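Overview (structure and organization)
The residues making up each chain are set out below.
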Amino acid sequence: DVKVTQSSRYLVKRTGEKVFLECVQDMDHENMFWYRQDPGLGLRLIYFSYDVKMKEKGDIPEGYSVSREKKERFSLILESASTNQTSMYLCASTSGAQAFFGQGTRLTVV
Amino acid sequence: AQSVTQLDSQVPVFEEAPVELRCNYSSSVSVYLFWYVQYPNQGLQLLLKYLSGSTLVESINGFEAEFNKSQTSFHLRKPSVHISDTAEYFCAVSLTSGTYKYIFGTGTRLKVLA
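Structure report, in brief. Please read these numbers as outputs of a predicted model, since none were measured by experiment.

A short note on the overall build of chain B
For chain B, the helix and strand inventory stands at zero helices and 12 strands. In chain B, the succession of α and β elements from N to C terminus is β-β-β-β-β-β-β-β-β-β-β-β. Over its C-alpha atoms chain B spans a radius of gyration of 14 Å, differing by no more than 12% from the 13 Å that the globule rule assigns to 114 residues. Along the longest, intermediate and shortest principal axes, the C-alpha atoms of chain B span 45 × 30 × 25 Å. Considering chain B as a whole, with its 114 residues, one finds that 46% of them fall into the buried category. Residue pairs in contact within chain B that sit at least 24 positions apart in sequence constitute 57% of those at least 6 positions apart. A total accessible area of about 5,600 Å² is found for chain B, and carbon and sulfur atoms account for 50% of it. Side-chain charges in chain B split into 8 positive and 9 negative, and the spacing between the mean points of these groups amounts to 9 Å.

Considerations on the side chain of Thr108(B)
Residue and element names in this part refer to chain B. By the element assignment, Thr108 lies in strand β12 (residues 108-113). By relative accessible area, Thr108 is classed as buried at 0%. Polar contacts involving the side chain of Thr108 include one to the main-chain carbonyl oxygen of Asp8, which spans 2.6 Å. Ignoring anything within four residues of it in the chain, the contact list for Thr108 reads Gln6, Asp8, Ser9, Val11, Leu21, Ala87, Glu88 and Tyr89.

Section: the sheet that holds strand β3 (residues 19-25) of chain A
Residue and element names in this part refer to chain A. With respect to topology, four strands assemble into an open sheet ordered β1-β3-β8-β7, the strand pairing being antiparallel. Because the sheet does not close on itself, it has two edges, and the strands there are β1 (4-6) and β7 (64-70). If you compare each strand with its neighbour and ignore which way they point, the axes differ by 20° on average. Pairing geometry for β1 and β3, over three bridges, is antiparallel. Across the sheet, Gln6 pairs through a bridge with Cys23, a residue of β3.

Side note on the state of the cysteines
All names here are of chain A. Taken as a whole, this structure holds two disulfides over all chains when the rule is applied. A disulfide bridge connects Cys23 with Cys91, and the sulfur atoms are separated by 1.9 Å. An S-S torsion of about -75° defines the bridge between Cys23 and Cys91 as left-handed. A residue pair is termed long-range when its members are at least 10 positions apart, and Cys23 in strand β3 and Cys91 in strand β9 (residues 87-95) qualify at 68 residues. Take Cys23: its relative accessible area is 0%, and that puts it in the buried class. What makes Cys91 buried here is its relative accessible area of 0%.

How each quantity is defined
- Residues numbered from 1 in each chain as written.
- Chains lettered and ligands numbered in written order.
- Predicted model: local features only at pLDDT ≥ 70, side-chain atom pairs only at ≥ 80, totals over all residues.
- Heavy atoms only, no water.
- Helix = DSSP H or I, 4+ residues; strand = E, 2+ residues; numbered from the N terminus.
- Rg over C-alpha atoms; globule rule 2.2 N^0.38 Å.
- Buried < 20%, exposed > 50% of the residue type's maximum accessible area, 1.4 Å probe, protein only.
- Contact = heavy atoms within 4.5 Å.
- Areas by Shrake-Rupley, 256 points an atom, 1.4 Å probe, with all protein chains shown as cover.
- Lys, Arg positive; Asp, Glu negative; His and termini not counted.
- Charge placed at Lys NZ, Arg CZ, Asp CG, Glu CD.
- Polar contact = N/O pair within 3.5 Å; in protein donor to acceptor, adjacent residues only side chain to side chain.
- Pairing = 2+ DSSP bridges.
- Axes fitted to C-alpha atoms, helices over the stretch in contact; angles between N-to-C directions.
- Disulfide = S-S within 2.5 Å.

In C-alpha cells:
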C-alpha cells in the first residue's frame, strides 16, 4: 500500500514562530501537494511540487513556503505563524490521476 | 479554470434509507472525477473515480456515482446507508495530464441516524 506520512498529528505553536510540517511518501511519486482544510471551505491548494526542487504556487500560498530537496519528502513552512493559519493541513502525492493523502496535521497557533 | 460545487453542506438520513450527494463541476477541458471520504480525524480516502469508459462507477462498499457530461454532474448515491457511512464526502476533479492538480468541492457531511 502507498503510504503518505505526516510527521505530526497535532501541533500547537505560538504566533511568530517558524513552523515546519513534514510529509514523506514511499512510492516514488513525482507530484506532491499541500492543502489546508477549513470547515465550509473544503480543501484549498497551498503549494505543489512536480519534481525535486520544483514548486508551484497553489491558490493560497501567502504566508507559506515549501521545500523539496528529496523526491520522497515535501515540507511546508510557515515563516511566521499567525492565528489565521490555525487549520488542518493535508499532504498528498499522486500516482497518475489518483491522489493518496496523509492523516493530516491539525495545527493550532496561539 | 475548473471548479466543483457541492450544494449540500450537511445531509442527515436515517439508517437503511437511500442517499444522494450532489456534485456539479465546471471545466473547459476534460477532467477526471473523484469522490473521497474522510472519517473523523483521518485523511481522505478514495471512494471511487471516473477516468473514462462506463459512466457508472461503483465502490466496494455499495456507493455508486454516474458521470453526466451534459449536466456536468457526478452525483454519489447509495441505496441503503449504514451508521458507519457517517463521514464527510468530497467531490474533486483533476486535469487529465501533467501534474493532475486536484480541485475539491467544499464537502458534504453525511450523518446517518439510527
